[in-house]
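Structural overview for review
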Amino acid sequence: MNNLDLLQLSGNSLWRRKVRTILTTLGVIIGTTSIVVMLSLGIGLNEMQRENMERWGSLTMIRVQQGMIFDAEGNPLKEGKQLNDEAVDELRSIDGVLAVSPVYNFGGEASYGRKRGGLNLIGLDASSMNQLEFTAEQGRLLEEGDRNVMVIGREVINNFRDEAFIRQMRKGMGMEGMMSQEEQDPGELLNQRISMTINARENKRIFGFTVVGILEGERTEHSYQAYIPIDDLKRMRDFGSNGNSRSSNMVIMEGVAHSRVSTASSKRSATQQNSDDYDYILVRTNNVEQSQKASQVIKDLGYNTWSMADQLEGIEKTSRTIQAILGGIGSITLLVAALGITNTMIMSIYERTREIGIMKVIGASFHDIYKMFLTEAGLIGFLGGIFGLCFSYIVSYIINRLSAGFMNQGMVGGEASSISVIPVWLTLFAVLFSILVGLLAGIYPAYRAVRLSPINAIRNE
Amino acid sequence: MSAMIRIEGLTKKYRLGQEIITALDNVSLEIAVGEFLCILGTSGSGKTTMLHIMAGLERPTRGSVFIKDINLSKMKEKNMPIFRRKYMGFIFQSYHLIPSLTAIENVSLPLIFGGAATKERSKRARDMLVQVGLQDRLKNRPTEMSGGQQQRVSIARALINDPKIVFADEPTGNLDTKTSSEIMGILTKKVKASGTTLIMVTHDLEIASYADRVIRMVDGHIIEDKRRSVISEER
Ligand SMILES: Nc1ncnc2c1ncn2[C@@H]1O[C@H](COP(=O)(O)OP(=O)(O)OP(=O)(O)O)[C@@H](O)[C@H]1O
Ligand SMILES: [Mg+2]
């Protein structure tokens with residue numbers, strides 16, 4: 001029996017009992033729709049979480065930190081490994097790591113023209129900045145050999161206030177004045193000079209930087225920071241701490257001998273009890289999976305790490321559970337539909353006993369009969385799957401429209417992401433799964449049809 | 001002449017509650033290739049039962065059936081339909097066509113199960129229907145045809161695979177005399193032309209007069225076995 005004939009015969013017998021076929025298919029449509037919509041909600045939820053997390057940090061970055069390592073229950077295990085140049089080299093040699101940059105962090109008061117404000121400086125390896133997921137909106141990123149230059153986030157400009165304004169604030173003008181200040185154009189700072197004044201005990205020194213680039217992205221973790229080459233930051237740090245603890249000629253010497261800073265710092269780290277250890281080390285990988293892998297490797301090496309990818313893993317575990325529950329609820333509907341198919345097929349076989357008997361007498365093999373009934377059940381599943389999928393798209397569209405309206409009322413400016421997402425794999429899965437359900441539901445009836453005795457069919461005339 | 005069908009010591013018993021019915025009682029028979037055998041007998045004498053057992057539709061309680069040299073009792077249930085499709089055709093009193101299929105589809109059915117290509121089998125089915133005089137009813141469904149026409153479709157279906165044996169169980173039982181002789185004319189002509197063995201159950205003596213050989217059954221026994229020449233003499 002060739003496949004075309006098989007389809008034709010099966011389609012023909014379904015068509016003959018239109019109402020029943022449609023009702024049975026309707027069950028499958030509802031089942032498929034409920035599974036697809038439920039899963040699409042789970043997927044949408046997952047994607048929303050992921051988007052949210054990506055705003056607050058790249059999923060391909062790992063931050064290797066100082067401090068205690070905790071076990072799963074939150075009990076301190078041990079102190080993380082020291083973050084020195086050896087650590088940088090060690091991290092660099094890990095599989096899947098694209099770039100590594102040591103980081104110093106330094107906060108202080110900065111001024112720009114007549115304006116002043118607090119500024120958080122991050123010193124990193126200038127040559128690898130372009131590999132650390134920074135993108136310049138204006139100007140450029142830090143590059144190898146840069147000195148006394150700065151790349152800043154978009155919001156940094158809002159830190160700076162007129163001195164007059166600050167004085168007013170101190171007098172008690174309060175928050176209103178501050179709030180009323182207009183948003184400033186971040187580009188205003190490009191090619192401008194920002195200086196930071198560092199006070200050591202007896203010395204005071206001004207470190208000046210030229211802004212060479214503005215970073216892309218609003219309200220991200222980058223947008224409030226200022227990035228400078230790590231050597232520059234180290235100088236400022238050393239000046240600050242030495243001024244406080246040591247003789248000032250050391251500072252002056254260092255001011256002259258810029259080029260020897262790195263050698264000097266590595267020498268000192270041995271003697272000066274970790275004070276030269278990096279604040280943290282940034283590690284960049286290719287993708288989330290590698291990030292999760294690398295993060296584990298780094299932990300195993302005895303470092304204290306933090307990464308969005310790790311957080312994501314936890315959240316994804318939760319949302320997988322949610323998806324499983326949602327999918328399970330949908331599956332129950334499809335299970336009921338499957339019982340419907342089985343029931344319909346058994347009834348149909350009962351009615352067609354004679355027909356089946358005749359077919360057997362005139363030469364339909366067991367295999368033919370089996371295939372015919374399986375095909376019928378599979379066809380119901382297939383039709384239900386296709387129409388169910390169409391229906392799912394409609395339902396998903398409605399849900400997204402409703403939820404978009406709802407969410408826009410709640411928050412301003414946030415582009416509403418869909419809470420029901422139907423990816424391509426789900427489309428394929430839905431159709432294949434409903435065919436499979438149809439086939440499974442058809443096995444027992446098909447078996448019964450095969451067992452049917454042809455004599456009873458033709459004897460009872 | 002070699003035997004097409006040989007049955008030996010065939011016994012068939014049915015259990016109906018406590019009662020055991022012996023439908024066939026130790027029957028032996030040999031049917032030659034190309035022979036037209038007619039089975040006469042009272043109702044309940046075991047004619048249909050014997051036909052079914054010869055066709056492998058039922059298993060005997062005892063005894064065996066040989067088609068040529070093939071022992072049907074040794075054949076697996078699974079292979080039976082394929083064997084039937086290749087070597088046998090069936091005609092029934094109530095036609096047994098598939099109601100949802102057209103004449104041409106009904107006739108094609110054995111070829112469909114045989115896996116024939118669509119084009120080829122449509123042509124063959126059409127030719128066969130033309131040969132039984134139904135060129136105007138190709139697309140009709142059984143309910144849209146008279147009894148005689150339906151029986152012609154069923155003859156076409158029985159012959160489409162060029163079977164070696166055709167089994168017919170009271171093929172004219174539901175038809176009037178005129179239509180009956182038309183049907184018999186078509187059937188015997190086709191069967192004789194191709195040398196097919198025909199085994200037919202009937203109550204109608206008129207129909208039996210077409211046969212080469214007539215056997216008569218009573219209570220599961222063959223009580224009479226006559227060749228055509230003898231029948232003619234009696235008349
Ligand atoms: N499945 C069955 N179960 C029980 N008894 C049966 C069964 N099939 C047939 N019989 C019995 O076997 C006997 C022979 O039946 P069979 O159908 O062969 O008769 P027949 O000669 O064809 O009669 P008719 O001329 O009425 O068709 C009958 O007594 C019948 O009741
Ligand atoms: Mg009978």
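Structure first, text after, so check above.
Residues numbered from 1 in each chain as written. Chains lettered and ligands numbered in written order. Predicted model: local features only at pLDDT ≥ 70, side-chain atom pairs only at ≥ 80, totals over all residues. Heavy atoms only, no water.

1. Points about the overall build of chain A
Heads up, the condition is: A run of DSSP states H or I qualifies as a helix once it reaches four residues; a run of E qualifies as a strand once it reaches two. Both are numbered from the N-terminal end. Residue burial is assigned from relative accessible area. The probe radius is 1.4 Å, only protein chains are included, and a residue is buried under 20% of its type maximum, exposed over 50%, and partly exposed in between. We call two residues in contact when some of their heavy atoms are within 4.5 Å. Methods summary: accessible areas were calculated by the Shrake-Rupley approach with a probe of 1.4 Å, and residue burial reflects only the protein chains presented.
For chain A, the helix and strand inventory stands at 14 helices and 13 strands. Here chain A holds 461 residues, and 48% of them are scored as buried. Here the analysis covers contacts within chain A between residues at least 6 apart in sequence; of these, 78% occur between residues at least 24 apart. About 23,500 Å² of surface is accessible on chain A, with carbon and sulfur atoms providing 56% of the total.

2. So, the overall build of chain B
Helix and strand counts for chain B come out as eight helices and ten strands. Among the 235 residues that make up chain B, the fraction classed as buried is 54%. Expressed as a percentage of contacts within chain B between residues at least 6 apart in sequence, the contacts between residues at least 24 apart total 69%. Surface accessibility of chain B: about 10,500 Å² in total, with carbon and sulfur atoms responsible for 49%.

3. Examining the side chain of Asp232 of chain A
Residues and elements named next belong to chain A. This is how it is decided: Polar contacts here mean pairs of N or O atoms no more than 3.5 Å apart (in protein, one a potential hydrogen donor and the other a potential acceptor; neighbouring residues in sequence count only if both atoms are side-chain atoms).
With respect to the element layout, Asp232 can be found in helix H6 (residues 230-245). According to the relative accessible area criterion, Asp232 is buried, its value standing at 2%. In terms of polar contacts, Asp232 uses its side chain to reach the side chain of Arg235, at 2.4 Å. Setting aside residues no more than four positions away along its own chain, Asp232 makes contact with Arg147, Asn148, Val149 and Phe209.

4. Things to note about the sheet that holds strand S10 (residues 221-227) of chain B
Residue and element names in this part refer to chain B. Selection criterion: Only strands joined by at least two bridges in the DSSP assignment are considered to pair. All axes are obtained by fitting lines to C-alpha atoms, using only the stretch in contact for helices, and the reported angles, taken between N-to-C directions, cover 0 to 180 degrees.
The strand order across the open sheet formed by six strands is S6-S7-S8-S3-S9-S10, and the pairing between neighbours is mixed. For this open sheet the edge positions go to strand S6 (88-92) and S10, each flanked by a neighbour on one side alone. Each adjacent strand pair in this sheet contributes to an overall mean axis angle of 15°, direction not counted. The pairing of S6 with strand S7 (residues 165-169) spans five bridges and is classified as parallel. Its bridge partner lying in S7, Phe92 is registered against Asp169. Packed onto the sheet, helix H5 (residues 147-159) meets S6 and S7 and runs at close to 165° relative to S6.

5. A look at unusual backbone geometry
Its identity is not glycine, yet Asn191 of chain A carries a phi of approximately 65°, on the positive side. One can find Asn191 of chain A in the loop between helix H5 (175-180) and strand S9 (193-199). Notably, Asp219 of chain B is not glycine yet its phi reads approximately 45°, a positive angle.

6. Here's the deal with helix H3 (residues 85-92) of chain A
Formally: Throughout, the arc means the angular range of directions from the helix axis out to the C-beta atoms.
Within H3 of chain A, burial applies to Ala87, Val88 and Leu91 of chain A. The buried residues of H3 of chain A occupy an angular sector of 105° when projected down its axis, which confines them to one face.

7. Side note on a nonpolar patch on the surface
Here is the rule we go by: Within this analysis, patches are made of residues with over 30% relative accessible area and no salt bridge. Like charges are joined at 9 Å or less; nonpolar side chains (Val, Leu, Ile, Met, Phe, Trp, Tyr) at 5 Å or less. A pairing counts as a salt bridge when a side-chain nitrogen of Lys or Arg comes within 4 Å of a carboxyl oxygen of Asp or Glu.
Taken together, Phe391, Ile394, Tyr397, Ile398 and Leu402 of chain A make up a surface patch of nonpolar side chains, about 540 Å² in accessible area. Looking at the element boundaries, Ile394 of chain A is found in helix H12 (residues 366-410).

8. Let's talk about the interface of chain A and chain B
As a reminder, the rule being used: Values labelled buried area give the accessible surface lost by two parts on being combined, using a 1.4 Å probe and summing over both. In the scheme used here, Gly and all other residues not listed as nonpolar or charged are polar, with Ala, Val, Leu, Ile, Met, Phe, Trp, Tyr, Cys and Pro taken as nonpolar and Asp, Glu, Lys and Arg as charged.
Chain A puts 26 residues into the contact, and the matching count from chain B is 31 residues. Of the roughly 2,500 Å² buried at the junction of chain A and chain B (both faces included), carbon and sulfur atoms supply 62%. Our enumeration of links across chain A and chain B arrives at two salt bridges. For Asp5 of chain A, the salt bridge identified is with Arg121 of chain B, shortest N-O distance 2.1 Å. Looking at which element gives the most residues to the side of chain A that touches chain B, the answer is helix H11 (residues 353-361) of chain A, with six residues. Counted by class, the side of chain A that touches chain B contains 14 nonpolar, four polar and eight charged residues.

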